[in-house]
Amino acid sequence: MKPEIIYVDKKSQIPLYGIDFIGVIDRGTNVIELKPLTLCNLKCKYCFVRAGDYHTNFIVDPEYLLEKVEEIVEIKGKYKIEIHLAPYGEILLYSKLFELIDNLWKIKGIEIISMQTNGLLLKKETIEELERVHLSRINISLNSLNHEKANYLSNCNDYNLNNLIKNINFLLNTKIDLLIAPVWFPGENDNDIEDIIEFIINLRNKGYSENKIQIGIQKYLIYKTGRKLKKIRPKSWGYFYTQLTNLEKKYDIKLKLGPKDFGIHKRKSVTSLKLNKNDIMDLTVISKGRWKNEFIGKINDNFGLKVLLSKSISNPNNLIGKNIKVKIIKANYKDNILTSLFSI
Ligand code: SF4
């Protein structure tokens, strides 16, 4: 069955704060994360948000997003703001991407606009457009330079590695900075990570600066609700950093990047809802979520809440518009995201 698409605009009344998979995420820093859509062109075997096979997808109206960004920049202060486009999906599937970036620059205080992509949909014309709208940095999640391995990890038969490398080379000669962000799956792509390090060193040896081409190796995080790579056992952060230190020594390259390397610093947050785990609250169900047992609850015009049902129901539309009592089961105050449970 083709997934349904829900368009999120002001009229939809779906709030843009508080839901992890759409809208605006504020982690109390100068970086404002935007999630304009949930569609993805891949179904990676390791995807922690299980993108690519949602029952319902979401696309957010750029005007609605811009309105929220303006509000949040006002709160944070109009200086050194970075907008990071990082959907639970693929940003290059967002048809209003260039319009969104163009208009974001009109908001005083925004100094960096960066985005995350798997890169497979890049082409020369798209890169030229991204340069025209002054994208500052593009983060590409490339986990292997081996075609078979890339196919395996991204769960597809035709991962076009050659094209991606061609586009990386094209990006190097634009004003857009580039960050290659492989995920390290211990025991699965160890050699591939070293290949990527050598690839970066080789580019730097050709004269591209450390700012122009960066590498940010990411730890493989396993989530209960995400897709998991078989046979990979989770490793501690201590183990991860020790391995990075060893590789830094071996290749004489900085691999441990922290907030300071990206100019990330603490800033005022959007007011928190001050709800705690196990609190019971009333809300209105405003929309379906990505899965059969997931809904979006509306607390007020600004804040939404992810509502999980204790079991699936045969006609989810019947729940829309209902006022229900839910119990908070997860409260993440760092990014102001809450999850609740509705028992039926
Ligand atoms: S890991 Fe990224 S590219 Fe892969 S399915 Fe998830 S969101 Fe899409």
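Sequence order sets the numbering: in each chain, residues are counted from 1 along the sequence as written. Only residues with pLDDT of at least 70 get local features here, since the model is predicted, and only at 80 or more are side-chain atom pairs given and counted; chain-wide, interface and lining totals rely on the full set of residues.

A.B. asks: Tell me about the nonpolar core, and please be specific about residues and values.
C.D. replies: Linking buried Ala, Val, Leu, Ile, Met, Phe, Trp, Tyr and Cys residues through C-beta atoms within 7 Å yields a set, and such a set is a nonpolar core. For the exposure call, what matters is how many other C-beta atoms sit within 10 Å of a residue's own: 20 or more marks it buried, 12 or fewer exposed, and in between partly exposed, using C-beta atoms placed from the backbone. Membership of the largest hydrophobic core comes to 73 residues, with the highest contact counts inside it found for Val24, Ile32, Val60, Val69 and Ile83. Strands are runs of DSSP state E lasting at least two residues, helices are runs of H or I lasting at least four, and both sets are numbered from the N terminus onward. Among the elements that line this core, the one with the most residues is helix H1 (residues 62–76), at 5 residues. By the convention adopted here, residues are in contact when the distance between their C-beta atoms, placed from the backbone, does not exceed 7 Å. Aside from chain neighbours lying at most four places away, what touches Ile32 is Val24, Asp26, Val69, Ile72, Ile81 and Ile83.

A.B. asks: Before we move on, could you go through the environment of Thr56 and cite the residues and values that matter?
C.D. replies: Note that Thr56 resides in strand S4 (residues 56–60). Put simply, Thr56 and Pro3 are 53 residues apart on the chain and 5.2 Å apart in space, counted from C-alpha to C-alpha. Filtering out sequence-adjacent residues up to four positions away, Thr56 remains in contact with Pro3, Glu4, Ile6, Lys288, Gly289 and Arg290.

A.B. asks: Before we move on, can you summarise the sheet that holds strand S16 (residues 337–342) with the specific residues and values?
C.D. replies: Working definition: the strands of a sheet are paired by backbone hydrogen bonds and lie parallel or antiparallel to each other. In space, the 5 strands of this closed barrel follow the order S12-S13-S14-S16-S15, with mixed pairing throughout. If you compare each strand with its neighbour and ignore which way they point, the axes differ by 50° on average. For two strands to be treated as a pair, DSSP must find at least two bridges joining them. Note that strand S13 (residues 294–298) and strand S14 (residues 304–309) share 5 bridges and pair antiparallel. Considered in S14, the bridge of Gly297 is made with Leu305. Inter-axis angles, ranging from 0 to 180 degrees, are taken between N-to-C directions of lines fitted to C-alpha atoms, where helices are fitted over the stretch in contact.

A.B. asks: Lay out the domain arrangement of the chain with the relevant residues and their values.
C.D. replies: Interface size, as often reported, equals the accessible area lost upon joining of the parts. Segmentation of the chain into domains, including their bounds, is taken from an automatic or database domain assignment. On domain assignment, one finds that the chain holds domain 1 (4–259) and domain 2 (280–342). Each of domain 1 and domain 2 has a C-alpha centre, and the two are 27 Å apart. In this complex, domain 1 contributes 17 residues to the contact, which on the side of domain 2 involves 20 residues. Charged means Asp, Glu, Lys or Arg here, nonpolar means Ala, Val, Leu, Ile, Met, Phe, Trp, Tyr, Cys or Pro, and polar covers whatever is left, Gly included. Partitioning the side of domain 1 that touches domain 2 into residue classes produces 8 nonpolar, 6 polar and 3 charged.

A.B. asks: Which residues make up the site of the ligand, and what values go with them?
C.D. replies: Taken together, the neighbourhood of the ligand is formed by Cys40, Leu42, Lys43, Cys44, Cys47, Val49, Ala51, Gly52, Gly89, Glu90 and Asn118. For the shell around the ligand, the residue count by class is 6 nonpolar, 3 polar and 2 charged. Being near a molecule or strand means, for a residue, that its backbone-placed C-beta atom lies within 6 Å of it.

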